[in-house]
Amino acid sequence: MLRWTGRLLLAFLLLLAIAAAGGFLYLRQSLPQTEGERGLAALDAAVEVTRDAHGVPTIRAQGMADAYRALGFLHAQDRLWQMETARRFGRGTLSEVAGRATLRIDRFARALDLEGMTRRQMDGLPDEVRVAVDAYAEGVNAFLAAPDGPLPPEFLLTGVEPAPWEPLDSLLWGKLMALQLSGDWRTEQEKSKLLQRLPPARVADLMPSYSDSPASLTAEEVAAAGPALERVAALPFPPDGLTAESASNAWAVAGSRTESGAPMLANDPHLRLALPPPWYLARIETPELTLVGATAPGVPFHIIGHNGEAAWGLTTTHADTMDLIALAPDPEAPEQRYLTAEGSRLYRTETEEIPLRGGESETFERRWTLFGPVLPDQQRDVALQWSALRDRDDTPSALYRLNRAKSVEAFQAAARLFDAPVQNLFWANGESVATAVVGRFPIRAEGRNGALPRISTAEDARWLGITAPEAVPVAIDPPNGLIANANNRILTAEASPYRIAGDWQPPHRYARVREMLESAERPHDAALSAAVQTDATSRFASALVPHLLRAQPTTEAGRRALARLAAWDHVMAVDAAGPAIFAAAADELARVLAEDDLGPAFMDWWRAEPGFLEAALTDKRDWCDDLRTPGTEDCIWALSAAVDRAAARLAERLGEDVALWRWGDLHVARMGHTTLTFIPVVNWLTDRPLETPGGDHTPNRGQTRGPASDDAFSHVHGAGMRVIYDLADLDRSDFALAGGQSGHFLSPHYADRLVDWRDGRYFRIPGRSDDIDERGFSRLILRPE
């Protein structure tokens with residue numbers, strides 16, 4: 001009997017192995033064709049596509065329309081599922097695939113009418129831009145009509161049949177980026193929630209603005225917000241994916257400061273880390289134009305790159321382009337009308353069906369007001385006023401022109417066309433460096449700063465308008481030859497007559513970037529830019545650690561941890577214990593200082609906010625007292641408690657021996673597949689976790705998940721790409737990519753650049769013949785059908 005059982009088990013395992021091998025071979029058939037020839041509908045002439053050893057393509061075409069068709073085809077070959085999920089996000093149809101788990105996201109997309117706005121936007125596209133997006137869609141659809149084999153594994157697992165690509169799907173990407181990079185609605189919500197517990201001055205301590213402008217949370221501003229505060233405080237936070245931590249670094253250096261004598265530009269945009277990354281690198285060569293750099297799957301234009309004569313990059317401005325408006329119902333018809341300063345208004349409503357997985361659907365009613373759309377998932381109406389909610393959006397035209405801008409005048413003309421999101425645009429050519437705050441921001445009534453929501457009947461609730469294209473603040477060739485930004489305030493108030501933002505990022509990352517750029521003892525070169533981009537020194541640690549060293553821990557673990565902290569050099573290196581002790585102690589210090597004041601609201605706020613921690617230990621030391629005890633505690637007590645708690649917390653994760661603690665054991669970038677990471681067992685094949693250096697406030701940004709999370713120190717947000725341009729020789733531009741070119745987890749190019757990215761190694765996109773190493777290269781000829 002045992003013998004037969006053994007044979008049956010062996011047979012079962014053999015069949016399982018055969019099935020797995022068959023499945024593997026089947027899925028490999030969905031990898032793209034990269035060599036030989038194939039037809040491509042709509043081409044005007046043959047196009048050559050060469051890929052380097054890591055899958056980065058060079059497209060050589062006789063015209064830009066064919067180049068856009070080829071790029072659409074390549075995006076579909078390598079990133080089709082990424083494109084599919086992005087357009088479903090924008091159209092509000094994710095739940096057709098994922099079921100009710102994504103219903104909140106679909107409701108938000110439909111409440112904001114992202115698809116409808118984008119469809120109306122298409123009518124205003126200039127002819128040349130429309131030709132580009134149409135040609136790109138033709139390339140995508142040529143692949144969908146005749147794919148290289150089975151569609152990628154995600155389609156097999158979900159059963160999704162991709163619909164033809166429409167030009168508006170490309171424009172939806174811009175709406176999604178504008179939404180993710182415009183987070184002021186969440187800031188207003190958070191301030192409103194905190195103001196239910198604390199007076200304005202205390203809330204301003206917890207949420208410092210890092211601005212030299214007058215305080216925004218004045219008693220007058222809070223009084224003007226009135227009943228809107230309670231209404232907005234009751235709102236649920238936006239669902240995950242609608243807003244994101246946003247940051248970036250960029251600098252432009254004049255030729256007078258560089259080794260080559262020509263300007264240099266460096267950029268590392270920070271977004272959520274996942275596989276595949278948001279960027280797809282490509283080179284395009286036509287008789288009229290050369291483009292090299294980062295594209296976004298679904299979009300025909302280079303978002304960050306160079307055109308052979310000029311280069312450009314982006315950082316997030318953190319502009320205040322949103323206001324929340326609590327709608328006062330009209331008592332005579334509260335379901336149909338709301339009140340404004342001008343009187344009663346009727347809601348504009350539309351009903352749609354949100355398709356659900358399995359064939360069901362949910363009826364959704366979109367409600368629109370004078371201010372903007374009513375946000376979903378709430379019991380009392382709150383509307384979103386946002387400068388991006390316009391049918392006219394010239395951002396695609398701006399990108400089109402930016403890709404071709406080779407002079408300062410052409411750069412300025414392109415800059416004036418951006419609508420949303422508001423960004424800091426860096427640009428350089430062989431003679432000049434420049435920056436501009438591009439995009440449109442609101443013009444509010446005099447005296448209103450936009451820090452808090454309003455009730456709809458307030459005289460200053462409605463904006464006076466939005467800024468005109470001519471209002472773009474620009475700086476060209478500054479006298480010191482250096483422009484840098486790490487999401488700090490980039491231009492003075494005199495540069496723009498309008499309020500751009502009231503809240504900025506903490507200054508530590510920018511201070512370190514500026515320090516390294518200005519203190520270099522040699523002329524600036526690519527190696528110096530790379531050193532800055534990969535620097536893991538924390539200026540926040542330099543400010544806070546001297547305070548922490550005043551602690552008097554009561555536990556042996558706390559004393560040992562403090563000794564390690566005293567010997568640490570403030571570099572967030574993976575093999576050091578200091579970063580782990582510092583990060584845990586900063587988190588615990590925030591808890592010791594604020595938990596007693598905030599009570600049940602603490603967990604929603606909890607973070608190691610640098611400005612708050614530094615102020616609480618110096619000129620606002622009343623925060624150190626624990627209100628829950630009869631005595632009065634001082635800051636030495638608070639620091640000691642924080643170190644003891646941090647040591648105990650780390651011991652649970654890393655063991656009792658402080659000598660064995662490593663930041664890399666905690667600070668791990670999970671690098672999960674954007675969809676398949678949620679499927680057990682499958683995610684073993686798709687995710688590529690690796691330990692990483694850096695922290696929340698280092699130039700090499702290693703933003704963590706946050707102390708309220710079970711995985712507090714996981715690295716979730718950072719530089720998904722790094723690029724360095726020397727305008728003396730743009731073909732020698734250096735790149736680093738957090739992942740690979742392919743979205744297919746069986747491709748050799750799924751994550752083949754990941755370790756190099758982590759370790760600070762760069763590569764070049766082959767251009768000239770001496771850059772090309774034939775080993776590993778592939779060549780595909782696309783011919784007109």
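Residues numbered from 1 in each chain as written. Predicted model: local features only at pLDDT ≥ 70, side-chain atom pairs only at ≥ 80, totals over all residues. Heavy atoms only, no water.

### Structural notes on the overall build of the chain
Counting secondary structure elements, the chain contains 24 helices and 30 strands. What you see for the chain is a C-alpha radius of gyration of 27 Å, in line with the 28 Å of a compact globule of 785 residues. Overall, the chain is about 80 × 75 × 75 Å in size when its C-alpha atoms are taken along their principal axes. Classification of the 785 residues of the chain by burial places 61% in the buried group. Residue pairs in contact within the chain that sit at least 24 positions apart in sequence constitute 71% of those at least 6 positions apart. Looking at the chain as shown, the accessible area adds up to about 30,200 Å², and 53% of this sits on carbon and sulfur atoms. Mean positive and mean negative side-chain charge positions of the chain (80 and 108 charges, respectively) differ by 2 Å. (Helix = DSSP H or I, 4+ residues; strand = E, 2+ residues; numbered from the N terminus. Rg over C-alpha atoms; globule rule 2.2 N^0.38 Å. Buried < 20%, exposed > 50% of the residue type's maximum accessible area, 1.4 Å probe, protein only. Contact = heavy atoms within 4.5 Å. Areas by Shrake-Rupley, 256 points an atom, 1.4 Å probe, with all protein chains shown as cover. Lys, Arg positive; Asp, Glu negative; His and termini not counted. Charge placed at Lys NZ, Arg CZ, Asp CG, Glu CD.)

### Regarding the packing of helix H18 (residues 556–566) against helix H19 (residues 578–598)
With their axes 9 Å apart at the nearest point, H18 and H19 run at an angle of 115 degrees to one another. Judged by the twist between their axes, the crossing of H18 over H19 is left-handed. From H18, Ala561, Arg564 and Leu565 reach across to H19, where they touch Gly578, Ile581 and Phe582. Among the residues making up the contact of H18 with H19, the classes are represented as 4 nonpolar, 1 polar and 1 charged. (Axes fitted to C-alpha atoms, helices over the stretch in contact; angles between N-to-C directions. Left-handed = near helix turned anticlockwise from the far one by under 90°. Nonpolar A, V, L, I, M, F, W, Y, C, P; charged D, E, K, R; others polar.)

### A few points about the environment of isoleucine 490
Take isoleucine 490: it is sitting in the loop between strand E23 (482–485) and helix H15 (508–519). Each C-alpha atom of the pair isoleucine 490 and aspartate 525 lies 23 Å from the other, and the pair is 35 residues apart in sequence. In this structure, isoleucine 490 is in contact with Asn424, Phe426, Thr435, Val437 and Asn485, ignoring residues within four places of it in sequence.

### Comments concerning the sheet that holds strand E3 (residues 57–60)
Overall, mixed pairing links the 11 strands, which are arranged E1-E30-E2-E3-E6-E7-E8-E9-E17-E18-E22 in an open sheet. Edge strands, defined here as strands with exactly one partner in the open sheet, are strand E1 (36–40) and strand E22 (474–476). Each strand of the sheet is rotated relative to its neighbour by a mean of 25 degrees, with strand direction disregarded. Taken together, the 3 bridges between E3 and strand E6 (residues 280–285) define a ladder with parallel strand orientation. Paired with isoleucine 59 across the two strands is isoleucine 284, which belongs to E6. On top of the sheet, helix H2 (residues 64–91) reaches E1, strand E2 (47–51), E3, E6, strand E7 (290–295) and strand E30 (778–784); it is set at about 155 degrees to E6, its chief contact. (Pairing = 2+ DSSP bridges.)

### Topic: empty space enclosed by the protein
The tally for this structure, following the rule as stated, stands at 11 cavities of 30 Å³ or more. Of the voids in this model, the largest cavity is the one considered here, and its volume is about 410 Å³. Lining the largest cavity are 30 residues, with Trp173, Met177, Ile303, Leu399 and Pro421 sitting closest to its centre. Of all the secondary structure elements, the ones that give two or more residues to the lining of the largest cavity are helix H8 (167–180), strand E4 (247–253), strand E5 (264–272), strand E8 (302–306), strand E9 (310–316) and helix H13 (395–402). Element by element, the count of residues in the lining of the largest cavity is highest for H8, at 6 residues. Size it by volume and the second largest cavity reaches roughly 90 Å³. What lines the second largest cavity is a set of 14 residues, among which Asp78, Arg79, Leu80, Trp81 and Gly743 lie closest to the centre. The dominant element in the lining of the second largest cavity, judged by the number of residues it contributes, is H2, at 7 residues. Classifying every residue of the lining of the second largest cavity gives 5 nonpolar, 6 polar and 3 charged. (1 Å grid on protein atoms, 1.4 Å probe; cavity = no way out; pocket = protein on both sides within 12 Å on 5 of 7 lines; lining within 4 Å. Points joined across faces, edges and corners; volume = space filled by probe spheres on them.)

### Looking at the pairing of strand E28 (residues 721–726)
The buried fraction of E28 is high, at 6 of 6 residues. Burial of the side chains of E28 extends over both faces: Met721, Val723 and Tyr725 are buried on one face and Arg722, Ile724 and Asp726 on the other. Summarising the sheet, E5 and E28 pair through 4 bridges and their orientation is antiparallel. Looking at the pairing, leucine 265 lines up with tyrosine 725 of E28. Pairing of E28 with strand E29 (residues 734–737), which is carried by 4 bridges, proceeds in the antiparallel orientation. Residue methionine 721 lies in a different strand from E29, and its bridge partner there is leucine 737.

### Side note on H2
Along its 28 residues, H2 runs just 28 Å from first to last C-alpha, ending more than 12% under the 40 Å computed at 1.5 Å per residue. Along H2, the sharpest change in direction is near 95 degrees and occurs at arginine 79. Most of H2 sits inside the fold, with 26 of its 28 residues counted as buried. Looking one or two residues past H2, glycine 92 carries a phi angle of roughly 75 degrees, positive in sign. (Expected span 1.5 Å × (residues − 1). Bend = angle between axes of the 7 residues up to and from the residue.)

### Regarding H18
Along H18, the residues that are buried comprise Ala557, Gly558, Ala561, Leu562 and Leu565. The buried side chains of H18 occupy one side of the element, clustering within an arc of 135 degrees when seen end-on. Residues of H18 that are buried in the fold lie against helix H17 (539–548), H19 and helix H22 (635–654). (Arc of directions from axis to C-beta.)

### Thoughts on unusual backbone geometry
Residues leucine 275 and proline 276 are joined by a peptide bond in cis, for which omega reads -5 degrees. Counting through the fold element by element, proline 276 comes out in the loop between E5 and E6. In this structure, proline 421 follows alanine 420 across a cis peptide bond, with omega equal to -5 degrees. Despite not being glycine, histidine 318 has its phi angle at roughly 60 degrees, a positive value. With respect to the element layout, histidine 318 can be found in the loop between E9 and strand E10 (322–326). For histidine 570, which is not glycine, the phi dihedral falls at a positive 70 degrees. For histidine 570, the position within the fold is in the loop between H18 and H19. Note on histidine 570: relative accessible area 16%, which makes it buried.

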